[in-house]
Amino acid sequence: MSNGQGVLSVLIPVYNEEKTVRVVIQRVRELGAVLKEIVVVDDGSTDRTAKVMRSVAADEPLVRFFQLPENQGIKIGRAHV
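Residues numbered from 1 in each chain as written. Predicted model: local features only at pLDDT ≥ 70, side-chain atom pairs only at ≥ 80, totals over all residues. Heavy atoms only, no water.

*Asks:* Help me out: how do you make sense of unusual backbone geometry in this one?
*Replies:* With the exception of glycine, most residues fall at negative phi, and the peptide bonds are largely trans. Positive phi is not limited to glycine here, since N16 has a value of about 55 degrees. The partly exposed category is assigned to N16, whose relative accessible area is 28%. (Buried < 20%, exposed > 50% of the residue type's maximum accessible area, 1.4 Å probe, protein only.)

*Asks:* How should I be thinking about the pairing of strand β2 (residues 35-43) in this particular structure?
*Replies:* Each regular strand shows side chains that alternate between the opposite faces of the sheet. Burial analysis of β2 places 7 of its 9 residues in the buried class, the great majority of the element. One ladder, built from 7 bridges, connects strand β1 (residues 8-14) with β2; its direction is parallel. Counted as the bridge partner of V14 is D42 from β2. Read from β1 through helix α1 (residues 21-29) to β2, the crossover connection turns out right-handed. Across 6 bridges, β2 lies against strand β3 (residues 63-68) in parallel orientation. Looking at β3, one finds that I38 is bridged to V63. Taken together, β2, helix α2 (residues 49-59) and β3 form a β-α-β motif whose crossover is right-handed. (Helix = DSSP H or I, 4+ residues; strand = E, 2+ residues; numbered from the N terminus. Pairing = 2+ DSSP bridges. Right-handed = clockwise from strand over helix to strand, strands pointing away.)

*Asks:* Could you clarify how one ought to interpret the side chain of D43 in this entry?
*Replies:* In this structure, D43 sits in strand β2. Only 3.0 Å separates the side chain of D43 from the backbone nitrogen of G73, close enough to count as a polar contact. With residues near it in sequence (within four places) discarded, D43 still touches V14, Y15, L68, E70, N71, Q72 and G73. (Polar contact = N/O pair within 3.5 Å; in protein donor to acceptor, adjacent residues only side chain to side chain. Contact = heavy atoms within 4.5 Å.)

*Asks:* Help me out: how do you make sense of the nonpolar core in this one?
*Replies:* Generally speaking, a soluble globular protein has its nonpolar side chains buried in company with each other. Membership of the largest hydrophobic core comes to 15 residues, with the highest contact counts inside it found for I12, I25, I38, V40, M53 and V63. Mapped onto this core, the elements with two or more residues apiece are β1, α1, β2, α2 and β3. With 4 residues, α2 is the largest single contributor of residues to this core. Leave out the neighbours within four places in its chain, and I12 touches V24, I25, V28, I38, V39, V40 and V41. (Core = buried A, V, L, I, M, F, W, Y, C linked by side-chain atoms within 4.5 Å.)

*Asks:* So what exactly am I meant to see when it comes to the pattern of salt bridges here?
*Replies:* Two side chains that carry opposite charge are able to pair once their charged atoms sit near each other. Evaluated as defined, the whole model comprises 3 salt bridges. R29 is paired through a salt bridge with E60; the nearest N and O atoms lie 2.9 Å apart. In this pair, R29 sits in helix α1 while E60 sits in the loop between α2 and β3, placing the two residues 31 residues apart along the sequence. With a shortest N-O distance of 3.2 Å, E37 and R64 are connected by a salt bridge. In this pair, E37 sits in strand β2 while R64 sits in strand β3, placing the two residues 27 residues apart along the sequence. Judged by relative accessible area, which is 41%, R64 ranks as partly exposed. (Salt bridge = Lys/Arg side-chain N within 4 Å of Asp/Glu carboxyl O.)

Given below as structure tokens:
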């Protein structure tokens, strides 16, 4: 890290986390200079998670927000080789 830029990207999947997502992001930000970006993906939340995240992403240059239109849930399957 001799150039002073972060090297760590953190992916945070969320679903109906309007009450906790700000705290989680703050804790991740405490990683400091090593942090390059925080990517939050909303899995079709039905609460105000997306609204909270749009506000956070507008204020936090390291935060990127993506929203799925509907809940995809956990997909467990077999990898095709």
